[in-house]
Amino acid sequence: MTYASVHAAAPRLAPHAPHTQQAPHIPRPVSAPHTAHPPALSRGLYAVPDPHPAEPADVVLEDDGLVLDLAGRTATVDDRTLDLTYLEFGLLAHLLSNPRRVYTRRQLMDAVWGYPDSGEGRTVDVHVARLRRKVGARHKRRLSTVHRVGYKYLPAS
C-alpha cells in the first residue's frame, strides 16, 4: 500500500466552516459581596501601626503603684520604669483602662494588634506571660486569666 492509496482511502472531512451559530448566553449568578476573607486581610495581612496617630489625651492610668502614661507611652511600677514593647504596652493599657471586664483573646487581638486572632495561636497568652514577669510579683496577679475565655485586669481597690 502506498501513501497515495492510504491518503485516497481516508475519509474526506468537510472544510472547516465558520461557526455561524452562537452558544446561548448563560448569565453568571449575581452573588453577595465577597466576605470570605477576615477583616484583617482587607487591611493587609499585618496591621502596621499608624506612624502619626492622633494625639492621645493626657491620660494617666493608675492602680496601686502601677502608672501608665498613655501620651508618653511609659509604664512605671513604684517609680521603676518598665521596659515594655509596643504591643505589651497596648495590651496593659487596654486591660487597665477597662478593669474587671473580661476580654477574649480574639477581642484583645483585634483591639491591640489590629486584626482578629485566628484562634489557633497563643500570641496573647505569651504577651500576658511576659507582662506578668515585667510588672512584678505584686501586680502579676492582677492580670487575671479567665479560663477558657480570656483575660481581665483586677484593680487593687
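Within each chain, residue numbers correspond to sequence positions counted from 1 in written order. Owing to the predicted nature of the model, reporting of local features is limited to residues with pLDDT of at least 70; listing and counting of side-chain atom pairs is limited to 80 or more, with chain, interface and lining totals taken over all residues. Processing note: side-chain calculations cover all non-hydrogen atoms of the structure and skip hydrogens and water entirely.

Undergrad: Looking at this model, I keep getting lost on the pairing of strand E3 (residues 74-77). Mind explaining?
TA: Put simply, side chains in a regular strand alternate between the two faces of the sheet. If DSSP finds at least two bridges between two strands, the strands pair. Each helix is a run of DSSP H or I of at least 4 residues and each strand a run of E of at least 2, with the numbering of both proceeding from the N terminus. As defined by bridge partners, strand E2 (residues 66-69) adjoins E3 across four bridges and the pair is classed as antiparallel. The partner of Val-67 across the bridge, within E3, is Thr-76. Two successive antiparallel strands, E2 and E3, enclose a turn made up of four residues, where Arg-73 displays a positive phi of approximately 50°. Bridge analysis of E3 against strand E4 (residues 80-81) gives two bridges, and the strand direction is antiparallel. Its bridge partner lying in E4, Thr-76 is registered against Thr-81. Linking two consecutive strands that pair antiparallel, namely E3 and E4, is a turn of two residues; a positive phi of about 50° is found at Asp-78 within it.

Undergrad: Looking at this model, I keep getting lost on the sheet that holds strand E7 (residues 150-153). Mind explaining?
TA: Working definition: the strands of a sheet are paired by backbone hydrogen bonds and lie parallel or antiparallel to each other. The strand order across the open sheet built from three strands is E5-E7-E6, with neighbouring strands paired in antiparallel fashion. What marks the edges here is a single partner per strand, and that holds for strand E5 (103-104) and strand E6 (143-146). Relative to E7, E6 is paired through four bridges, and the arrangement is antiparallel. Bridged to Thr-145 within E7 is Tyr-151. Whether two residues are in contact is decided by their heavy atoms, any of which lying within 4.5 Å being enough. An axis is simply a line fitted to the C-alpha atoms; with a helix, the fit covers only the stretch in contact. Between two such axes, the angle follows the N-to-C directions and lies from 0 to 180 degrees. Here helix H3 (residues 86-97) sits on the sheet and contacts E5, E6 and E7; the angle it forms with E7, its principal contact strand, is near 65°.

Function cannot be read off these values alone, since they describe shape.
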